[in-house]
Structures are given as C-alpha cells and as structure tokens.
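Next come the chains, spelled out residue by residue.
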Number of protein chains: 2
Amino acid sequence: MQIDGDRFLADLHALRAIGAAGVGKGVVRPAYTESDVAARRWLAGRFEDAGLEVAVDGMGNLFGLAGGQSLLMGSHSDSQPEGGWLDGALGVIAALEVARASREAGGPAISVVSFQDEEGRFGVTTGSAVWSGHLAQPEADGLTDHAGVTLADARAALSEMVTGPVDPARFTGFIEMHIEQGPALDSAGEQIGVVSDIVGIRDMKITFGGQQNHAGTTPMHLRKDAFQAVSAFNTLLAERFRNVVTPATVWTIGHLSLHPNASSIVPGRAVFSMQWRDGDPDRLARMEAIIRDTAQEVAESRGMDMSFGPLLGLEPVRMDGRLRGALEEAAETVAPGKWRTMPSGALHDATNVSRLMPVAMLFVPSIDGISHAFEEDTAEEDLVAGVEVLARAVAVLG
Amino acid sequence: MQIDGDRFLADLHALRAIGAAGVGKGVVRPAYTESDVAARRWLAGRFEDAGLEVAVDGMGNLFGLAGGQSLLMGSHSDSQPEGGWLDGALGVIAALEVARASREAGGPAISVVSFQDEEGRFGVTTGSAVWSGHLAQPEADGLTDHAGVTLADARAALSEMVTGPVDPARFTGFIEMHIEQGPALDSAGEQIGVVSDIVGIRDMKITFGGQQNHAGTTPMHLRKDAFQAVSAFNTLLAERFRNVVTPATVWTIGHLSLHPNASSIVPGRAVFSMQWRDGDPDRLARMEAIIRDTAQEVAESRGMDMSFGPLLGLEPVRMDGRLRGALEEAAETVAPGKWRTMPSGALHDATNVSRLMPVAMLFVPSIDGISHAFEEDTAEEDLVAGVEVLARAVAVLG
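Each chain carries its own residue numbering, running from 1 in the written order of its sequence. Chains carry letters from A onward and ligands carry numbers from 1 onward, assigned in written order. The predicted origin of the model limits local features to residues at a pLDDT of at least 70 and limits the giving and counting of side-chain atom pairs to 80 or more, whereas totals for whole chains, interfaces and linings rest on all residues. Heavy atoms throughout the structure, all of them, feed into the side-chain values; hydrogens and water do not.

The name given to chain A in an unreviewed UniProt entry is Zn-dependent hydrolase, with Sulfitobacter alexandrii as the source organism. The Subunit (unreviewed entry) comment attached to chain A in UniProt states, word for word, "Homodimer." UniProt positions are given in the numbering used here, feature names are shortened, and annotations may be inferred rather than shown by experiment.

Right under this line is the structure:
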C-alpha cells in the first residue's frame, strides 16, 4: 500500500486553517466551539470523499466507517484553549490517509475516528470516556467547564450532526498516532516512538472557602485568605510528595480562580485544579491520600471550609502486544535505528478505547518537546514517516 | 440645626436599591457600570431637590454645589465588584442630609460630592486622585481594569452628564463620614470613631512569565510554572517581611490570573496584584524593596521573565486639627464615652483631597468588622448618630 504524503499534508494544513489562532501554526478549537463544529463538518466531508460512511454519536464523536469489520484508527480534532496544530489533528488525518491508501491498494478495511473533548474542557478525554462506557452520559452532561457551562448545553451545538450510537463491536482494534508532546524523541534525534503503556491520571477540583474582607482593615492574624491557603497547600504538597514520587511523576495546579479577585479584597474563595500522573496505580492512590490530608489540614489550621470536586481519572494502560509488534517492525523498516519503545506521559483516547478492544499508539517527535501551546510543531518528514509506519503495520496486520 | 433621620435612612435605602445584588443588603455598582451611572443620575436629582447646583467633571466625580464658599462633605457611590451598601454611599447620603438640614436651619453652606472609582477598578481612588491633581487625566486614561478595558473607554459612559471642571478653591475643607470597615468600634461596643490619620498604600501588578507546556509530558525539573513562581514569591515574602512589619501592617495578593488557566497545562504566565499598607512611609519603602528583590530572585532562580506594573499609591495623611477637634467635641456630646480617636487602615478619598484643603474623617462601626462583602452592615442608630455628630460639628465650625 502506498500513502500519498502530499495529500496527507494538504489535509493536515486545511484542518489547521479551521480555528487558526493567527499566532504561528496555533489553533483555538476547544470542544463544541464554533471552530470545533466547523472542523467536524469539514472532516465529515473528507470521510465521505474517501468512501467512508459518516456517523456521529450523541457526544459528537465523529466516525468514518468502512463496511463490515474494520480496524479503527484516529485521535481527536478538538484543541486546548490555546492549542498546537498537531495535538489530535495529526492522528485523525493520518488515519484518513491510511484508510484511503488501504482502500486504493485493496488492503484491510480501516475506519477513522475523531473523538470529542479529548482536551478535557469538561473533564478528561470526555468523548471517548462516554463511548467506551467509562463515563455515563447523564453523569457527563452534569460536568461544567471553568465558565460554568454544562456539557449538556455545550453538546447541543453538534445535535444536527448526530446520527446515533456507534457499536464498538464492529472494530477489531484501535491504533492512535500522536505527537510525543515531550522532549525524548526530539532531543535524541529520533523519528518514531512506539508506545509501551500510557500513564494514569487523576484530576480533581479543590475549593478553599475563607472570609472575603477589606484588604486594609483586616489584621493579618484575623484573615481567612483563600489564596494564602492555596499557596500553603501547594508548598506542603511538594514536601510531602518527595518520598513518594519518581522522576517520571508529575503534578500540576494549572487552573486557579480567586473570588472576588480584586486587589483591595482579601480573597474569600479559591477554586483550583489538582492534577497528578504516574504509571503506577498504587502511587496515584498514595498521592491522592496526601492531597486530601494536606488540603484538610490547611483548611482546619486556618478555620476555613474546604471541599473536593469529583475525582476524574484513568488507570495506566499497557498497549496490545500484537499491534505494538507490527508497529515496531514497521518502525525498524521506515526509520532503522531512529525509533524507540517508550511510555506515554500524556493521556490519550486510546486509554478509554482499551476497555473495548486491543489498542496501540505511535509517536512522532515534538520540536523542543513543546505542546499545548501555539509553538507546538514537528518536522513534516517526521509526520510523513509516521504515516508510513502506520501503513506498513496495517498491511502486515491484514 | 436638626437632621431628619428618617429622610436620611430613606435616601440611603433608595440608593442601595440601585445595583442591588439581591444578596442581603449587598450592591454591585463598580465605577462606570450601568448601575453606577444610574446611581449618579439619581443622586444628581436629589442634589437638585436639595437646592444644590449639580456639577460633574470629566472623571465623573459628581458634585452638589452650594453658592459661594462652602464646606465640602461626601465620599463615593461606586462599589467593589461585590460591595456592601454603606461603603462610600453612607458618606454621600450623610453629607446630603447635613447640607439639607443646614440649609433649612440657615446654617453654613455645605456642598456634597460623590467621587468616582474610589474602589479602584482602574487604580486607587482614581476619581479624587485626578481631581486633586495627584494623577494626570491622560495618565489615568491609560489605566486598564482586570478585563483590559481602559479608563478612557469606561468614562465615556458618563460623558452626557459632564458639565466641566470643578474649582477646589471654592471649598474651605472636606469632611468624609465612612464605615470603619474593621472590627475595632464594633468589638468595643462604641458608636463613633474620629480619625487621626489615614495609612499609606502601595499597589503594583507583578507578572511572571514562564513556559506554557503539557502537564503530562513535562518533567517537574524542566518546568517554568508561573503559578509555582507566585506561590514561592508569596511564601518568601512572608518570611522576609517578618522583621520589617508591625501588627498594623497588612499586605495582600487579592487578584491573580493564570494563563491559559487550564488543568492540563503548566501555566506559562501569571499576573497578580501586590498591595501593602502602613502608616509609616519608610516602612512602605522598605517593603517595596523586599517585594522587588524577592520577585527578581524567584524569576532568576527559575529562568523566568518577570515585570512590574506601575507603582500606584498614596502617602499616609494626618487629619486637620480644627476639623478633627470639632468632630471630637460633637462625638462626646452625641455618644458620651462611646467614641474613640483612631487611625484609618482603609484608604479614602480624603487622602487625595488633603492635598487641596484641610480634611477630617468620621467612622461608625462595621458589624463584625466585615466590609467589601455583601454582608457589610451597621446598626441604623449608629448611622444616625454619625450624621448627628457631623451636623453638630458643622454648626460649630460655622
């Protein structure tokens, strides 16, 4: 089977133009926004052109279906609030090109998917979580974004495209190609990473409730300052994690909103996101215990209220041996000596899909390891090399 | 001269209804918003009814002028994003009542003012700062609120009301009545506080610029996390202030905005407000040096960028002896043994006005010391007692 690199790159750049940030190659295409919906309409057209049957489920997961049993390939086309052009989009367009090339060569049947809200406007890989049965639709509908919009309201923007549920039983497996989003391949000058497993993730909102008051007349010792509570919690956490984490463990406070957020007022409330990731489920649990105890302690010592949001997350996942083996063989053929086996520190839809069928993942380098930013990029020859590895593997898997 | 307590309270509650939060007695009337403009139009009508000539300068400072030379009284009618019903409004309506009562009794000429943006949507007591010549209009026009709106654009909302500049030379002095906004009077069961001096304030925006990146694939030791920089800065500051501050000194990080503020992204930028207050100008300067050094240090140690916004602020101010003496005599008559002399930990328009004429201030209790919050309140008998003290003092001052 012969892939068409130019056709693949042309489609990838066409998708980038939908929701283009106007800054470098960056895109602004969060789930269910106007640009996300426009991108899904455009993708649906390209799926039809490729002879695939378009199907959209209630969450807005977009499928291009081959007839009968098929291998599913793809990723997601939604982006972070300030996203790169390849995060997700690469895996969708690469799958489309392989599906086209395989069809032209009379190869195996390939279906394509773009999952919805992988970037977690409403949680964590929300679209594939619902499709895989990991998250019930009614529960998902209650999730809100940082602006307080419910998923139920947001997904109405796609209702016109919905055709109904898509039965996972029609797929024999799932392969997702993605940028590494880390520095490993780029710093080693390698082209391909075959994923061994995906780390687990936990994500929880925490709220500290203190006493909003005047910043000039409230003595320091009488304050119940919600920002000071977050800062103290953050400092204590780093100390307490020290004996528990490995160099591969990460944790992040990426979202914080103070209330009322004015310079002359002692903040009365702070809501923030606590996210942590590791390959070992036991370590994730030990970290959760430290987080809960520390937040409790900080609140009690300051006479403040504290509450936890729902704990969202996914378990670490091992890739399927057969699919992974085919990718490794193909990688050695396409990029001899310039590929490696590696874990994925980032979360992917493949984690959810692994509950339903065998899954595997393929990485290409991220320049300087930068992702989730407008600067995100990858050399086009590496992008094409990745698609070639996919095509060879698929041909072998038959 | 005889004040009318019912008329005073009726006007105070009528003003509260404009921009009412619907939560307790709270109001939402930030400078130049629809509700602030509506309140100023209503006040202008009440000034006319009281036989005062309405004048509005370019900033939107609203005056009710008595003929010839007069004593100026008042405060501000704009509120915090979530404000109490008395913060500012009390001083304006109290002044209106005293002006009316004095006129009816053939007493001294009293003019009334409601200054604009005392709560600092665009800075610190912006309206009286411009009127007093402390801040030039062109410089003020360049100030932006937390949403990025410029003062120049915001004040256009009041342009229809503007009559032109108001000459400070027509006023012989300024008396501002205000709630204490602290716990001192309420916890002591006292009714009146005569202010001795107003503490100085400094306010500065600080920005840390790091590297926005993926929260799963960026190892902790390679991160340039802007939130971690703010947290480290905040912790170091508390330690370094210890040997410099007194129990009366306060400092606050009340506003913080992370960018892009998403749970799966290492924050690349943090902009926050640093505010500190003290009665001693030298201490304010020593604190500024510590703030600047610490921010620099934190940024350098993390290989991050850092920048300071303009330093806004006001010097500590002593109240005028003659005006203050009249208030103390009146306080002893109206509330014998239930009043005190005290400093003001909060900033007030009187600070700016003191550059132009003698100033004095009168406090009434804040229940539980709560202010800058919907719960802010004061017993109505204390409110009326305050107006009676004002009226007696004014009569004596002649």
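Novice: Report on the UniProt feature "binding site: Zn(2+) 1" (unreviewed entry) in chain A, specifying residues and quantitative values.
Specialist: Residue and element names in this part refer to chain A. Per the UniProt record, "binding site: Zn(2+) 1" (unreviewed entry) is annotated on His76, Asp87 and His178. In three dimensions, the annotated residues from a span of 103 residues occupy one location, with a maximal C-alpha spread of 9.7 Å. Within the secondary structure, His76 is located in strand 3 (residues 70-76). The secondary structure listing takes helices from DSSP runs of H or I that are at least 4 residues long and strands from runs of E that are at least 2 residues long, numbered from the N terminus. Positionally, Asp87 belongs in the loop between strand 3 and helix 3 (89-104). Each residue is assigned to one of three classes by its accessible area relative to the maximum for its type, calculated with a 1.4 Å probe on protein chains only: buried under 20%, partly exposed between the two thresholds, exposed over 50%. A relative accessible area of 6% means that Asp87 is categorised as buried. Here, two residues are considered to be in contact whenever any of their heavy atoms come within 4.5 Å of each other. Contacts of Asp87, omitting those with residues within four sequence positions, involve His76, Asp78, Glu119, His178, Ile179, Gln181, Ser371, His372 and Glu376. Throughout this description, a polar contact denotes any pair of N or O atoms lying within 3.5 Å of each other; where both atoms belong to protein, one of them has to be capable of donating a hydrogen while the other can accept it, and for residues adjacent in sequence the pair is counted only when both atoms sit in side chains. Side chain to side chain, Asp87 and His76 meet in a polar contact 3.3 Å long.

Novice: Tell me what's going on with the side chain of Ser35(A), and back it up with residues and numbers.
Specialist: All names here are of chain A. Assignment of secondary structure puts Ser35 in helix 2 (residues 34-49). In this structure Ser35 comes out as buried when scored by relative accessible area, which is 16%. The residues contacting Ser35, other than those within four sequence positions of it, are Ile18, Gly19, Val28 and Arg29.

Novice: Before we move on, can you summarise the packing of aromatic side chains with the specific residues and values?
Specialist: Residues and elements named next belong to chain B. Here a Phe, Tyr or Trp ring, Trp counted by its six-membered ring, pairs with any other such ring whose centre lies within 6.5 Å, and the pair is stacked when the planes are under 30 degrees apart, edge-to-face when over 60, and tilted otherwise. Applying the stated rule across the entire model yields 22 aromatic pairs over all chains. When the ring of Phe63 is compared with that of Trp131, the centres are 5.3 Å apart and the planes differ by 50°; the resulting orientation is tilted. One end of the pair, Phe63, is in strand 2 (residues 62-65); the other, Trp131, is in helix 4 (residues 126-131), with 68 residues separating them in the sequence. Given a relative accessible area of 0%, Phe63 falls into the buried group. For Trp131, a relative accessible area of 9% translates into the label buried. Ring geometry for Phe208 versus Phe272: centroids 5.9 Å apart, planes at 20°, classification stacked. In this pair, Phe208 is assigned in strand 7 (residues 200-209) and Phe272 in strand 12 (residues 269-278), connecting sequence segments 64 residues apart.

Novice: Tell me about the packing of helix 8 (residues 226-241) of chain B against helix 9 (residues 281-301) of chain B, and name the residues and values.
Specialist: All names here are of chain B. Axis definition: a line fitted to C-alpha atoms, over the contacting stretch in the case of helices. Angles run 0 to 180 degrees between N-to-C directions. Between helix 8 and helix 9, the least distance of the axes is 10 Å, while the angle of their chain directions is 140°. For the crossing formed where helix 8 meets helix 9, the hand is right-handed. Where helix 8 abuts helix 9, its residues Ala229, Ala232, Phe233, Leu236, Leu237, Arg240 and Phe241 lie against Met287, Ile290, Ile291, Thr294, Ala295, Glu297 and Val298. Definitions for this section: a left-handed crossing has its near helix turned counterclockwise from the far helix by less than a right angle. A right-handed crossing has that turn clockwise.

Novice: How would you sum up helix 12 (residues 380-397) of chain B? Please name residues and give values.
Specialist: All names here are of chain B. Along its 18 residues, helix 12 runs 26 Å from first to last C-alpha, staying within 8% of the 26 Å computed at 1.5 Å per residue. Three or more residues of helix 12 are buried, namely Asp382, Leu383, Val384, Ala385, Gly386, Val387, Val389, Leu390, Ala391, Ala393, Val394 and Leu397. Just downstream of helix 12 lies Gly398, where phi reads positive at about 60°. What a helix is expected to span follows from its residue count: subtract one and scale by 1.5 Å.

Novice: Residue-level account of the UniProt feature "binding site: Zn(2+) 2" (unreviewed entry) in chain A, with values.
Specialist: All names here are of chain A. As annotated by UniProt and renumbered to match this structure, "binding site: Zn(2+) 2" (unreviewed entry) occupies Asp87, Glu119 and His372. These annotated residues cover 286 residues of sequence, and their C-alpha atoms all fall within 9.4 Å of one another, placing them together at a single site. Looking at the element boundaries, Glu119 is found in the loop between strand 4 (110-115) and helix 4 (126-131). The residues touching Glu119, leaving out its near neighbours within four places in the chain, are His76, Asp78, Ser79, Gln80, Asp87 and His372.

Novice: Give me the lowdown on unusual backbone geometry, citing residues and values where you can.
Specialist: Residues and elements named next belong to chain A. Across the junction of His259 and Pro260, the peptide omega takes the value 0°, indicating a cis bond. Residues other than glycine seldom take positive phi values, yet Thr125 does so here, at roughly 40°. Tracing the backbone through its elements, the reader meets Thr125 in the loop between strand 4 and helix 4. On the basis of relative accessible area, Thr125 is assigned to the buried category, the value being 0%. Of note in this structure, His372 is not a glycine but carries a positive phi near 50°.

Novice: Break down helix 2 of chain A for me, citing the residues and quoting the values.
Specialist: All names here are of chain A. The end-to-end C-alpha distance of helix 2 is 23 Å, a good match for the 22 Å that 16 residues give at a rise of 1.5 Å each. All of the buried residues in helix 2 are Ser35, Asp36, Val37, Ala39, Arg40, Leu43, Ala44 and Phe47. Positioned one or two residues after helix 2, Gly51 has a phi angle of 80°, which is positive.

Novice: Describe the interface of chain B and chain A, listing the residues and the values that go with them.
Specialist: At the interface, 54 residues of chain B touch 53 residues of chain A. Buried surface area refers to the total accessible area, computed with a probe of radius 1.4 Å, that the two partners give up upon joining, counted for both partners together. Buried surface at the junction of chain B and chain A, summed over both partners, amounts to about 4,600 Å²; 50% is from carbon and sulfur atoms. Each reported salt bridge corresponds to a side-chain nitrogen of Lys or Arg within 4 Å of a carboxyl oxygen of Asp or Glu. Seen at the junction of chain B and chain A, the total is zero salt bridges. The tally of links between chain B and chain A comes to 29 residue pairs in polar contact (both at pLDDT 80 or more). At the level of elements, strand 8 (213-214), helix 8, strand 9 (250-252), strand 10 (256-259), strand 11 (265-266) and strand 12 of chain B are the ones that each hand at least two residues to the side of chain B that touches chain A. Looking at the side of chain B that touches chain A, the element that brings in the most residues is helix 8 of chain B, giving six residues. Polar here means any residue other than Ala, Val, Leu, Ile, Met, Phe, Trp, Tyr, Cys and Pro, which are nonpolar, and Asp, Glu, Lys and Arg, which are charged; Gly is therefore polar. Tallied by class, the residues present in the side of chain B that touches chain A amount to 20 nonpolar, 29 polar and five charged.

Novice: So what about the side chain of Gln181(B)? Which residues, and what values?
Specialist: Take Gln181(B): it is sitting in the loop between strand 5 (171-179) and helix 7 (184-188). A relative accessible area of 1% places Gln181(B) in the buried class. Here the side chain of Gln181(B) touches Ser371(B) through a polar contact of 3.0 Å, side chain to side chain. Sequence-distant contacts of Gln181(B), that is, excluding residues within four places in its chain, are made with His214(A), Thr217(A), Asp87(B), Ala346(B), His348(B), Ser366(B), Gly369(B), Ser371(B) and His372(B).

Novice: I'd like to hear about the pattern of salt bridges, residue by residue, with values.
Specialist: All names here are of chain A. Counted according to the given criterion, the structure contains 39 salt bridges over all chains. The partner of Arg7 in a salt bridge is Glu104, and the shortest N-O contact between them spans 2.7 Å. You can see Arg7 sitting in helix 1 (residues 5-16) and its partner Glu104 sitting in helix 3, a full 97 residues away along the chain. For Arg7, a relative accessible area of 22% gives the class partly exposed. Glu328 is the salt-bridge partner of Arg324, the closest N and O atoms lying 3.0 Å from each other. With a gap of four residues between them, Arg324 and Glu328 both fall in helix 10 (residues 321-334), about one helical turn apart.

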